[in-house]
Amino acid sequence: MEPDKDVVIGLDSSTTATKAVAWRRDGTVAGVGRSSIPIASIGDNRYEQDPEDWWRSACVAISGLFQEIAPERVAAIAISNQRETFVPLGPKGVPVRPAIVWLDQRCEKEVAWLAGKVGADKIHRISGKPPDMGPVAYRIAWMLRWEKELFRATALFADVQCYLVWRLTGAFWTSWASADPLGLFDMEAKDWSLDIMDALELSPERLPRLAGPGTVIGHVGGLAAAATGLAPDTPVVAGGGDGQAAGLGVNALTSSRAYLNLGTAAVSGIYSREYRTGTAWRTMGSCSGEGYYFETSLRAGTFLVDWLVRQICQTPAEDADIYRRLEAEASAVPIGSQGLLTLPYWGAVMTPYWDPQARGCFVGLTGSHRVGHLYRSVLEGIALEQALVTGMVEEQTNVHVKEFVAMGGGASSDFWCQIVADASGKTVRRSKTIEASSLGAAICAAVGAGWFPTAAAAAESMCSEITRETSPSPENSRQYVELLGIYREIYPQLRETFSRLSRFAAQVINEK
């Protein structure tokens, strides 16, 4: 008797690891496989990966999962992927150069170059994203300008989902919700933008084929089955970028509930059925296939926390005990870290200022401050930034967020979640699962497998209950409202200083 196909796989290919999780119809986990992905920092804020490592890691993770469940139980598989990372492929799928990762900042000058060719407002209106270093379009522009031979040798510019789908099925497909972070996607037409492609000397044939999330886009081939352990002909379903997948994975499908990923970057999304653009957010497509997210993004989330541990404390970030010690010290420090504020723009600033020359800084340091003050100030800076941008989105769209559903490494900290709740004045809830992106992909797979008619129906059945709830303290929130008034003045007052510092640094380098 053929076994019941009672699980779907959400394959989460993130920046540093792949998680293959098998999910049942009720949202419980049947098995997990994991594998790391290396990343190369090649200096000057440049980051690259070998796409073969994406595939190798996926194979190891899926094979590991099958130590716990039988492959014949899998009804379908879908992918959530690190966004704004791409690899240029030759005619036979061989990379012409390493993949350029979303953290990479080599394309700063190309932002103005492409915006000048297409029009900044037009790019924003079409793609939902103001011109910024994040979307892949500007790194393709960098290749066009500085790696002309490699650009001409590229047959297809593939996002992570497209690359993995190709390795699984032999066809170059991606999801709308993986295409839109590339900055080449017309959010309303649900197709590649001819205006942006023309400026980059691209044609549709050099980009993946597109499908709505939850659509079957292929079946596992023989070579992929041998490499992963998946049964041949297992359906492969369009998933989406890991941010939007996480939103679906915590059932953030109304504007009152926002997802908040306290991961390497601090990313939050507020759902809307209507397409709108604004400078306080970037508009992303929902993995439900309907509606959009007004997403805020701070490049320095746990990245900044880990930076403090490595560079200031001179301790490996892998040392879990250091975080417990720092939280103990920081919890004894009063709100406001005794006059110390952190502007957390270690990776420049996206929302709401879109300034690639912005820099991070500590404001108010004195000789009496200790590392516990610095640590609390970093957590407070990220929380205040989130309160600032969420408030701006609410004001400009007339939505009201009642609660954040937190995920990512930072969400494991009760201390940080309390700071976020107090600074924003909103309840912070945490779901039972820590693998929200994988679950979001699994919900897409469940729709593709025919288990549910819509992603919304699947989310109602599969999303985990909330296990912890952190409410804001009225007294603490009152103090944070006052502190936020001071915080919101820092960047505007330093904007010109940051610009002058950037010009000075470039001048010194050019004179060498």
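Summarised in this report is the structure supplied together with it.

Here is what the cut-offs are and how they apply
Residues numbered from 1 in each chain as written. Predicted model: local features only at pLDDT ≥ 70, side-chain atom pairs only at ≥ 80, totals over all residues. Heavy atoms only, no water. Helix = DSSP H or I, 4+ residues; strand = E, 2+ residues; numbered from the N terminus. Buried < 20%, exposed > 50% of the residue type's maximum accessible area, 1.4 Å probe, protein only. Contact = heavy atoms within 4.5 Å. Areas by Shrake-Rupley, 256 points an atom, 1.4 Å probe, with all protein chains shown as cover. Lys, Arg positive; Asp, Glu negative; His and termini not counted. Charge placed at Lys NZ, Arg CZ, Asp CG, Glu CD. Pairing = 2+ DSSP bridges. Axes fitted to C-alpha atoms, helices over the stretch in contact; angles between N-to-C directions. Core = buried A, V, L, I, M, F, W, Y, C linked by side-chain atoms within 4.5 Å. Phe/Tyr/Trp six-rings, centres within 6.5 Å; stacked < 30°, edge-to-face > 60°. Lys NZ or Arg CZ within 6 Å of the ring centre and 35° of its normal.

**Some points on the overall build of the protein**
Part 1 of the argument: Each helix and strand counted, the protein has 17 helices and 24 strands in total.
Part 2 of the argument: On the principal axes, the C-alpha backbone points of the protein span a range of 70 × 55 × 45 Å.
Part 3 of the argument: By residue count, 61% of the 512 residues in the protein fall in the buried class.
Part 4 of the argument: Once local pairs closer than 6 in sequence are excluded, the contacts in the protein between residues at least 24 apart make up 71%.
Part 5 of the argument: Accessible surface computed for the protein: about 19700 Å², of which carbon and sulfur atoms make up 51%.
Part 6 of the argument: Side chains of the protein carry 48 positive and 57 negative charges; the gap between the two charge centres is 2 Å.

**What about unusual backbone geometry?**
Part 1 of the argument: Of the consecutive residues Thr-351 and Pro-352, the connecting peptide bond is found in the cis state with omega at -5 degrees.
Part 2 of the argument: With respect to the helices, strands and loops of the structure, Pro-352 is situated in the loop between β20 (341-343) and β21 (361-363).

**Let's talk about the pairing of strand β19 (residues 292-298)**
Part 1 of the argument: Counted residue by residue, β19 has 7 buried out of 7 residues, so it is predominantly covered.
Part 2 of the argument: The two faces of β19 match: Tyr-292, Phe-294, Thr-296 and Leu-298 on one face and Tyr-293, Glu-295 and Ser-297 on the other face are all buried.
Part 3 of the argument: Sheet topology note: the strand β17 (residues 266-272)/β19 ladder contains 7 bridges and is antiparallel. Of the residues in β19, the one forming a bridge with Ala-266 is Leu-298.
Part 4 of the argument: Bridge count between strand β18 (residues 282-285) and β19: 4 bridges; the pairing is antiparallel. Bridged to Gly-285 within β19 is Tyr-292.
Part 5 of the argument: Taking the residues between adjacent antiparallel strands as the criterion, β18 and β19 are bridged by 6 residues, where Gly-289 takes a positive phi near 85 degrees.

**Quick word on the sheet that holds strand β23 (residues 427-431)**
Part 1 of the argument: On the basis of which strands lie adjacent, the open sheet formed by 7 strands has the order β18-β19-β17-β16-β22-β23-β24 and mixed pairing. Both outer strands of the open sheet, β18 and β24 (466-470), are each paired with one neighbouring strand and no more. On average, each strand axis in the sheet is inclined to that of its neighbour by 30 degrees, with strand direction left out of account.
Part 2 of the argument: Here helix α13 (residues 371-397) sits on the sheet and contacts β16 (257-262), β17, β19 and β22 (403-407); the angle it forms with β19, its principal contact strand, is near 150 degrees.

**Describing helix α4 (residues 136-146)**
Part 1 of the argument: Of all the 11 residues making up α4, 9 are buried; the element is thus mostly covered by neighbouring parts of the structure.
Part 2 of the argument: Buried within α4 we find Val-136, Ala-137, Tyr-138, Arg-139, Ile-140, Ala-141, Trp-142, Met-143 and Leu-144.

**Points about the nonpolar core**
In summary, soluble globular proteins display a tendency toward joint burial of nonpolar side chains.
Part 1 of the argument: In this structure, Leu-343, Tyr-345, Tyr-375, Leu-384, Trp-416 and Tyr-487 are the most contacted members of the largest nonpolar core, which totals 58 residues.
Part 2 of the argument: Here this core gets 11 residues from one element, more than from any other, and that element is α13.
Part 3 of the argument: Ignoring anything within four residues of it in the chain, the contact list for Trp-416 reads Leu-262, Gly-301, Thr-302, Val-305, Leu-379, Ile-382 and Gly-410.

**Considering the packing of aromatic side chains**
Part 1 of the argument: This model, assessed by the stated rule, comprises 15 aromatic pairs.
Part 2 of the argument: What links up through ring pairs into an aromatic cluster is the set Trp-54, Tyr-163, Trp-166 and Phe-172.
Part 3 of the argument: Just above the ring of Trp-142 sits the side chain of Arg-106; from NZ or CZ to the centre is 4.8 Å.

**A look at the sheet that holds strand β3 (residues 29-36)**
Part 1 of the argument: Taken together, the 6 strands give an open sheet; going across it, the order is β3-β2-β1-β6-β15-β14, and neighbouring strands pair in mixed fashion. Edge positions in the sheet fall to β3 and β14 (216-219), since each of these pairs with one other strand and no more. Direction aside, the axes of adjacent strands within the sheet are offset by 25 degrees on average.
Part 2 of the argument: Where strand β6 (residues 74-81) lies against strand β15 (residues 235-241), 4 bridges are found, and the strand directions are parallel. Bridge pairing in β15 links Ile-77 to Val-236.
Part 3 of the argument: Along the sheet, helix α6 (residues 160-169) makes contact with β1 (7-13), β6, β14 and β15, crossing β15 at roughly 170 degrees.

**Examining the pairing of β1**
Part 1 of the argument: Burial runs high along β1: 7 of the 7 residues are buried.
Part 2 of the argument: Burial along β1 is two-sided: the face carrying Val-7, Ile-9, Leu-11 and Ser-13 and the face carrying Val-8, Gly-10 and Asp-12 are both buried.
Part 3 of the argument: Of the pairings in the sheet, the one linking β1 to β6 comprises 7 bridges and is parallel in character. Bridging from a neighbouring strand, Ile-9 pairs with Ile-77 of β6.
Part 4 of the argument: Pairing analysis gives 6 bridges linking β1 to strand β2 (residues 17-23), with the strands arranged antiparallel.

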